[in-house]
Amino acid sequence: MFPKVFGAKKLLQKHLPILVWLPKYTAKDAISDAIAGITVGLTLMPQAIAYAALAGLGPQYGLYSGCAGVLVYIVFGSTRQIALGPTALLSLLTYHYTRGKSADYVVLLTFLVGCVELLCGILQLGFLVNFVSVPVISGFTSAAALIIASAQLKSLFGLRYNAESFIETWREFFKHNAETRLWDLTLGLFCIVTLMLLKKLNNIQLVGKGETLEGWRKTLKQIFWAISIGRNALIVVICSLLAYAYDQANVHPFVLTGEIQSGLPNIAPPPFQTLDENGETVGFLEMATDLGSGLLVIPLIAIVSNLALSKAFSDGGRTDATQEMIALGLANIVGSFVKSMPMCGAFSRSAVNNASGVRTTFGGLYTSILVLLALGVLTPYFYFIPRASLAAVIITAVLHMVDIDILKPIWSTNKYDLLPVAVTFFSCLLLGVEVGLLIGILMDLAFLLYHTAKPSINVERVVDTNCSYWMVIPRGSLLYPAVDHVRSKIFNKTFSKTEEGIQTRTIVFDCSHISKIDFTAAQGLQDMLKDIRNQKMQLVLLYANEEMVHSVKNLCPQLKVAMSQLELQTILAEDFVCEVILKTSTTEPIKQKILEETFKQKEETRF
């Protein structure tokens, strides 16, 4: 009974991480979490408003995303540093799949994305993410960053136009750039420069190397850190005050955010039907069909982002991919009940969370409270936020996503990996993020299949004291796509004569690097054995595991297997004796009799 209780408790703690840290929660933990949560909240609010605009929604939807879902992650989340909420990349994808549709589509998308993520967690499909390589993700995120930044040029320059693709965005921009509003552009550029400078503020060294921060220097360093971390909120507040002052003077130099729906969101199930522009009812199936591949692409990107963050903050420890998917799925499902956008962990806010000294996922509670206070009290003042300042916040937030630094290590490690980076990057820019990501994944699979079909094989001739043999060393699993490649490689290298004129009659197949063999590959070994025997040669499997021996022996019972170097030497010694007798015998009947006796002995059971 006790083992069962202990097992159930362990399982419960695995899927409810809050049960692990809550009994040990201290006052110091609470203070650290409060500081981190409030700091993240100040970073989240301006970003949430900006990302909602990027997704083509009202600013309140971005703030809704910082409430319920964050609270869910407190209970189910396994990585304390992850700060859940809307991100630039998911906002871009949301806009891509819901463009021209009502907000009901976005809320339903959030619910269905959560269901897919939860299902992936329940089925433990985290391994599928490993099929999307780092080069493909790098090319995708870099292209997405440029697309997001390009989309903000409209607000930065105070222009008005509609554009969908990356190419169309730049075409419309150049077509309308004569309509640039100078005040918006000046404010936007000022915000970008200021945000970049404030980001570097925390890097200022106030003491020499090896010295300790004390007194006023320590206080000043803390002030620098607070300003650097809260730079987005600081810039948005200053710009809003400036716009408010101009409004009071009846001057309107900036394009403003406008009215924002105030108050807390109503808790209600996600809309499983809606009305189109003609007032006709659109059912659930039709809405889901309209969302299309977004139901797979957005969960994939969200899962990849969360797992990447979890690994980054694990300090070399184990990452629970299954639990992260479950937590993310539940957060989006619950978030859809308060009209949330699709969400996942944000790189910038998670870094802020970590730098702020967060100790548990409970820091999300304070972030959520701050956002709820903003929704209840501050929404009338959000009207005066200039759109150029929000565009500056987004542009500076996505600049780090352009992953140029990865090119040098890829070049030094494997130059061929630059191909999926480049193909994914340009495909996303020219064909759209959805098609570009699909092309990148297909290229990854093509590379994987190529290496599976043509594994690395080393074939070399080993000369012993009394004999010689061919050593064949394949690396990797021997599966059916690789059979023909292995056979041709062996035949091209091994059917030759030695310098003394004595044929190298034995081929040793080293299986120490082979973990698995399938039926087709075993059948291929059987055919290869026939060809080798026709050349009056023999094949010996060396270091084959039990599963492989069982699979191959069922089809090739006469195949020799050596489990050690001693067994291999015994087999080679027998063949050497046979070779010498054959060489010294002069009459054909004697040679034939020796061969028959030898092959009869070889076909006896030897394991």
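Details of the structure are given in the entry above.
Fair warning: this is a prediction, and the values are worked out from it, not measured in the lab.

Brief notes about the sheet that holds strand β9 (residues 560-562)
Here is step 1: Taken in spatial order, the five strands of this open sheet run β5-β6-β7-β8-β9, and their pairing is mixed. Each end of this open sheet is capped by a strand with a single partner; those strands are β5 (457-463) and β9. Each neighbouring strand pair of the sheet contributes to a mean axis angle of 25°, computed without reference to strand direction.
Here is step 2: Sheet topology places strand β6 (residues 468-474) next to strand β7 (residues 506-510); three bridges connect them, and they run parallel. Note on β7: the bridge partner recorded for Val472 is Phe509.

Side note on the nonpolar core
Here is step 1: Leu63, Leu84, Leu93, Ile301 and Val398 are the most contacted members of the largest nonpolar core, which has 109 residues in total.
Here is step 2: Not counting residues up to four positions away in its chain, the partners in contact with Leu84 are Gly69, Val70, Tyr73, Asn306, Leu328, Ala331, Met343, Cys344, Gly345 and Arg349.
Here is step 3: If you look at the next biggest cluster of nonpolar residues, it comprises 28 residues, including Phe491, Ile514, Ile517 and Ile532.

Some points on the side chain of Ser368
Here is step 1: Topologically, Ser368 is positioned in helix α18 (residues 363-378).
Here is step 2: With residues up to four places along the chain from it excluded, the contact list for Ser368 reads Gly66, Cys67 and Leu71.

Overview of helix α5 (residues 68-76)
Here is step 1: For α5, the complete set of buried residues consists of Ala68, Gly69, Val70, Val72, Tyr73 and Ile74.
Here is step 2: Among the structural elements, α2 (18-21), α4 (59-64), β1 (84-85), α15 (294-312), α16 (321-336) and α18 are those in contact with the buried residues of α5.

Section: the pattern of salt bridges
Side chains bearing opposite charge may pair, as long as their charged atoms lie close to each other.
Here is step 1: Counted by the stated rule, this structure contains three salt bridges.
Here is step 2: We note a salt bridge from Glu172 to Lys175, for which the minimum N-O separation is 3.4 Å. Of this pair, Glu172 and Lys175 both sit in helix α10 (residues 166-176), three residues apart, roughly one helical turn.
Here is step 3: For Lys175, a relative accessible area of 55% corresponds to the exposed category.
Here is step 4: A salt bridge links Asp184 to Arg181; the shortest N-O distance between them is 2.8 Å.
Here is step 5: What makes Arg181 partly exposed here is its relative accessible area of 32%.

A word on the state of the cysteines
Here is step 1: In total, this model carries zero disulfides according to the counting rule given.
Here is step 2: Cys191 carries a free sulfur, and the closest cysteine sulfur to it, the one in Cys239, is 3.4 Å from it.

Looking at the packing of aromatic side chains
Here is step 1: In total, this model carries 17 aromatic pairs according to the counting rule given.
Here is step 2: With 5.6 Å between their ring centres and 70° between their planes, Tyr25 and Phe362 make a pair best called edge-to-face. In this pair, Tyr25 is assigned in the loop between α2 and α3 (27-54) and Phe362 in the loop between α17 (347-355) and α18, connecting sequence segments 337 residues apart.
Here is step 3: With relative accessibility at 22%, the residue Tyr25 sits in the partly exposed group.
Here is step 4: Judged by centre distance (5.8 Å) and plane angle (70°), the ring pair of Tyr61 and Tyr64 falls under edge-to-face.

Cut-offs used in this document
- Within any chain, residue numbers begin from 1 and follow the written order of that chain's sequence.
- Note on the predicted model: pLDDT of at least 70 is required for a residue's local features to be given, and 80 or more for side-chain atom pairs to be given and counted; whole-chain, interface and lining totals, by contrast, use all residues.
- Excluding hydrogens and water, the side-chain values take into account all heavy atoms of the structure.
- Between any two strands, pairing holds if DSSP finds at least two bridges.
- Each helix corresponds to a stretch of at least 4 residues labelled H or I by DSSP, and each strand to a stretch of at least 2 residues labelled E; elements are numbered beginning at the N terminus.
- Only C-alpha atoms enter the line fits that serve as axes; for helices the fit covers just the stretch in contact. Angles between N-to-C directions range over 0 to 180 degrees.
- Buried Ala, Val, Leu, Ile, Met, Phe, Trp, Tyr and Cys residues that are joined via side-chain atoms within 4.5 Å together make up what is termed a nonpolar core.
- Accessibility here uses a 1.4 Å probe with only protein chains present; expressed as a share of the type maximum, an area under 20% marks a residue as buried, one over 50% as exposed, and anything in between as partly exposed.
- Contacts: residue pairs with any heavy atoms within 4.5 Å of one another.
- Put simply, a salt bridge is a Lys or Arg side-chain nitrogen that is within 4 Å of an Asp or Glu carboxyl oxygen.
- Throughout, disulfides are identified as pairs of cysteine sulfur atoms within 2.5 Å of each other.
- Any two of the Phe, Tyr and Trp rings considered here, Trp counted by its six-membered ring, make a pair once their centres fall within 6.5 Å; the pair's planes then place it as stacked at under 30 degrees, edge-to-face at over 60, or tilted in between.

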